[in-house]
Amino acid sequence: MKIAVINGSPKGKYSVTLQTTLYLEKKYPEHEFEILHAGQRIKSLEKDFTKAKELLENSDAVLFSYPVYTFLAPAQLHRFIELCKANGVNLKDKYVTQITTSKHFYDITAHKYIEENSLDMGMRFIRGLSADMEDLLQEKGREEAEKFFDRFLWSVKEEVYTSAEKYESNYSPVAVISAQQIENQKDNKDVLILTDETNPDSNLSKMIERFRNVFPYKTRVVNISEFPFSGGCLGCLRCAVSEKCVYKDGFDTFLRENIQTADAMVYAFNISDHSMGVRFKMYDDRNFCNGHRTLTVGMPVGYLVSGEYSKEINLRNILEARAETGGNFLAFVATDEKDTDTQIDTLAKTLNFALDTHHTAPANFWGVGGMKIFRDLIYQMRGMMKADHKFYKKQGIYDFPHNNKGKTLLMYALGALLSNEKILSKMGNRMNEGMLMPYEQLLKKMDEEKAKK
C-alpha cells in the first residue's frame with residue numbers, strides 16, 4: 001500500500017509525532033510511506049500545490065501526522081486542508097487515518113476535525129492513534145502503535161470504515177432479516193449482550209438476533225428488565241467501603257458473576273428521552289463503584305442502538321466517554337438508521353477482530369482526563385473509599401506528577417535555558433535535535449537489528 005503521510009507539524013523533520021510514523025515505516029517495510037512536510041512548507045504549497053495533489057491522488061491511503069494545538073490541528077494543517085479543497089484534489093474513496101501526539105488535552109476534538117474534513121472530501125475514515133508525546137519510547141507505547149496500524153490494515157482489507165454516506169441520517173426502521181446460523185461458532189470466549197428489551201418483535205430484538213447469528217463466537221443475553229431491582233442507587237457510599245450494596249436484592253453477585261466475567265460486551269438499547277432509558281440508568285447507577293474501579297478494563301465493547309442515533313450528539317459523546325474512562329476498546333455502534341444489516345455485520349467483524357487480537361488502544365482526553373479526576377478524588381477520600389483506594393494502588397493509577405522528581409528538575413533546567421536569549425541564539429536547532437535523540441536511537445536500533453537478520 002502506498003501511504004501519503006501529511007506531516008502537519010511546523011517543525012518538519014523535527015516533529016516528535018513524525019517519529020511514530022518513521023517507526024511504523026521501519027516496522028512495516030512492505031508498505032510505502034511518502035512524507036510531505038506540509039506544516040513546514042505551507043507557504044510554498046500555497047504558491048504551487050501540484051506535487052502535493054499528485055502525491056495525494058496517486059496514493060492508496062492518507063495518514064495525517066500532527067501535534068494537537070489548542071483543541072485542534074495546527075493552523076498550517078488547517079490551511080493545507082483548505083488547499084486540498086480549493087485545488088479540487090480527488091480523494092473520494094481513499095482510506096484516511098491519523099496519528100497525533102499530545103498530553104491528551106482535547107485530542108478528541110482534533111481527531112473529530114480531521115474526520116469531518118475527510119468525510120467532506122469523500123474519504124473512507126478509519127479511527128486513528130492518539131498517543132502521549134513519550135509513548136514511543138516505552139514498550140507499551142510501541143505495542144499500541146503497532147496495534148493501531150494492524151487495525152488500520154485490517155480495516156482496509158475488511159472495508160470497515162466511516163463514510164459520509166454511511167452516517168447520513170435516514171431513519172426508517174426495517175425488519176432486519178436474520179442471517180443463517182454460523183456452524184461451529186467458537187465458544188472459548190464469553191461474549192455478553194446486555195439489553196432491557198421486552199418486545200420480541202421489536203427492531204432491536206431483530207438486531208440482536210442478526211448479531212448473534214453473524215458473530216463468530218457464541219453469545220449469551222442478559223436482560224436487565226428481568227432483574228428484581230429493589231430500587232435505584234441511594235448515594236450512601238456503602239459499596240465504596242465494603243464493595244457491598246445496602247440493598248439485599250443480589251445485584252452485587254449478579255454483577256460479578258454475570259457481567260464482569262465476560263470477555264466482551266454488547267449493549268443493546270432503544271433511545272429513550274435522549275438516553276439509554278431508565279432501566280439502563282438504574283443499572284449504571286447501581287454499578288457505582290465499577291465506575292471508579294474499572295473492573296472491566298481491557299474488555300472490548302460494542303452497541304446495538306435503535307433510534308435516530310446520528311442526531312443524538314450528547315449520547316454519542318457519552319458512549320465514547322464511557323468506553324474511554326472504562327479502558328474499553330469501542331468496536332462499533334450499529335444503528336437501524338441506514339444499512340442496518342451492514343452496520344451489524346461491521347460490529348460483529350470488528351468485535352471479533354478485537355477479541356482475536358486482544359486489541360487495545362491508548363485512552364484519549366475523555367479517558368485520561370476522567371481517570372485523573374477519579375485518581376485525585378479517590379486518593380483524597382482513601383480513608384473512606386477503601387475498596388477504590390486498594391484497586392487504584394494495585395493498578396498503578398496513582399501516577400502523580402510530583403513523584404517524578406527527575407523530570408521536574410529537567411523542566412526547571414529547560415526553563416532556565418529558554419529564558420536566556422543569548423543561550424537560545426547559540427543553541428540554534430540543538431534543542432529540537434536533543435528532543436529527537438531518544439527517538440533516533442530507537443530507530444537506529446531497529447535498523448541494526450534488521451541488519452543482523
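Calculation criteria
The numbering scheme is per chain: residues are counted from 1 as the chain's sequence reads. Local features in a predicted model are, by the rule used here, given only for residues with pLDDT of at least 70; side-chain atom pairs are given and counted only at 80 or more, and totals for whole chains, interfaces and linings are based on all residues. To get the side-chain values, all heavy atoms of the structure are used, and hydrogens and water are removed first. Helix numbering and strand numbering both begin at the N terminus, where a helix is a DSSP run of H or I of at least 4 residues and a strand a DSSP run of E of at least 2. Exposure classes here rest on a 1.4 Å probe applied to the protein chains alone. A residue is buried below 20% of its type maximum, exposed above 50%, and partly exposed in between. Expected helix span is taken as 1.5 Å per residue step, with the number of steps being one fewer than the number of residues. What counts as an axis is a line fitted to C-alpha atoms, over the stretch in contact for a helix, and the angles between N-to-C directions run from 0 to 180 degrees. By the definition adopted for this analysis, an angle is roughly parallel if under 35 degrees, roughly antiparallel if over 145, roughly perpendicular if from 65 to 115, and oblique otherwise. Take the far helix as your reference; a near helix turned counterclockwise from it by less than a right angle gives a left-handed crossing, and one turned clockwise gives a right-handed crossing. In this analysis, two residues are considered to be in contact whenever any of their non-hydrogen atoms come within 4.5 Å of each other. Put simply, Ala, Val, Leu, Ile, Met, Phe, Trp, Tyr, Cys and Pro go in the nonpolar bin, Asp, Glu, Lys and Arg in the charged bin, and everything else, Gly too, in the polar bin. A strand pair is defined by DSSP finding two or more bridges across the two strands. Crossovers are described as right-handed under a simple rule: with the strands pointing away from the observer, the path leading from the first strand over the helix to the second runs clockwise. Stacked, tilted and edge-to-face are the three classes applied to pairs of Phe, Tyr and Trp rings, where Trp contributes its six-membered ring and a pair requires centres within 6.5 Å; stacked means planes under 30 degrees apart, edge-to-face means over 60, and tilted covers the rest. Should a side-chain nitrogen of Lys or Arg be within 4 Å of a carboxyl oxygen of Asp or Glu, the pair is scored as a salt bridge.

Participant: Residue-level account of unusual backbone geometry, with values.
Facilitator: One non-glycine residue with positive phi stands out, namely Y106, at about 55 degrees. Assignment of secondary structure puts Y106 in the loop between β4 (95-102) and α5 (107-120). Judged by its relative accessible area of 27%, Y106 is partly exposed. In this structure, H274 takes a positive phi of about 65 degrees despite not being glycine.

Participant: With reference to specific residues and values, describe helix α6 (residues 139-158).
Facilitator: Residues that lie three or four places apart on an α-helix share one face, since the helix turns once every 3.6 residues. Between its terminal C-alpha atoms α6 stretches 28 Å, which fits the 28 Å expected from 20 residues at 1.5 Å a residue. When we look at burial in α6, the residues that qualify are G141, E144, A145, F148, F149, R151, F152, L153, W154, S155 and V156. Downstream of α6 by a residue or two, E159 has a phi angle that is positive, lying close to 55 degrees.

Participant: An account of the packing of helix α14 (residues 365-380) against helix α15 (residues 386-395) is needed here, citing residue identities and associated values.
Facilitator: At a minimum axis distance of 10 Å, the contact between α14 and α15 shows a crossing angle of 120 degrees. What the angle tells us is that α14 and α15 run oblique. The handedness of the crossing between α14 and α15 is left-handed. Of the residues in α15, those in contact with M371, F374, R375 and I378 of α14 are D388, H389 and Y392. Considered class by class, the residues forming the contact of α14 with α15 number four nonpolar, one polar and two charged.

Participant: An account of the pairing of strand β7 (residues 186-195) is needed here, citing residue identities and associated values.
Facilitator: Pairing between β7 and strand β8 (residues 217-223): six bridges, direction parallel. Counted as the bridge partner of K186 is Y217 from β8. In the classification by handedness, the crossover that spans β7, the intervening helix α7 (residues 203-214) and the parallel β8 is right-handed. Pairing of β7 with strand β9 (residues 264-270), which is carried by five bridges, proceeds in the parallel orientation.

Participant: Provide a residue-level description of the packing of aromatic side chains, including the pertinent values.
Facilitator: Summed over the entire model, instances satisfying the criterion amount to 28 aromatic pairs. Summarising the aromatic geometry, the rings of F229 and F251 are spaced 5.6 Å apart at their centres and angled 40 degrees between planes, so their arrangement reads as tilted. With F229 in the loop between β8 and α8 (238-242) and F251 in helix α9 (residues 251-259), the pair connects residues that are 22 residues apart, well separated along the chain. As far as burial versus exposure is concerned, F229 and F251 are alike and both buried. Between F251 and F254, the ring centres sit 5.9 Å apart and the planes meet at 40 degrees, which makes this aromatic pair tilted. Of this pair, F251 and F254 both sit in helix α9, three residues apart, roughly one helical turn.

Participant: Outline the pattern of salt bridges, supporting the account with residue identities and numerical values.
Facilitator: Within this structure, the stated rule accounts for 22 salt bridges. Residue D399 is joined to K372 by a salt bridge in which the shortest nitrogen-to-oxygen separation is 4.0 Å. Here D399 is found in the loop between α15 and α16 (405-418), whereas its partner K372 is found in helix α14, with 27 residues between them in sequence. Classification of K372 as partly exposed rests on a relative accessible area of 35%. One salt-bridge network, held together by shared partners, links K372, R375, D376 and D399.

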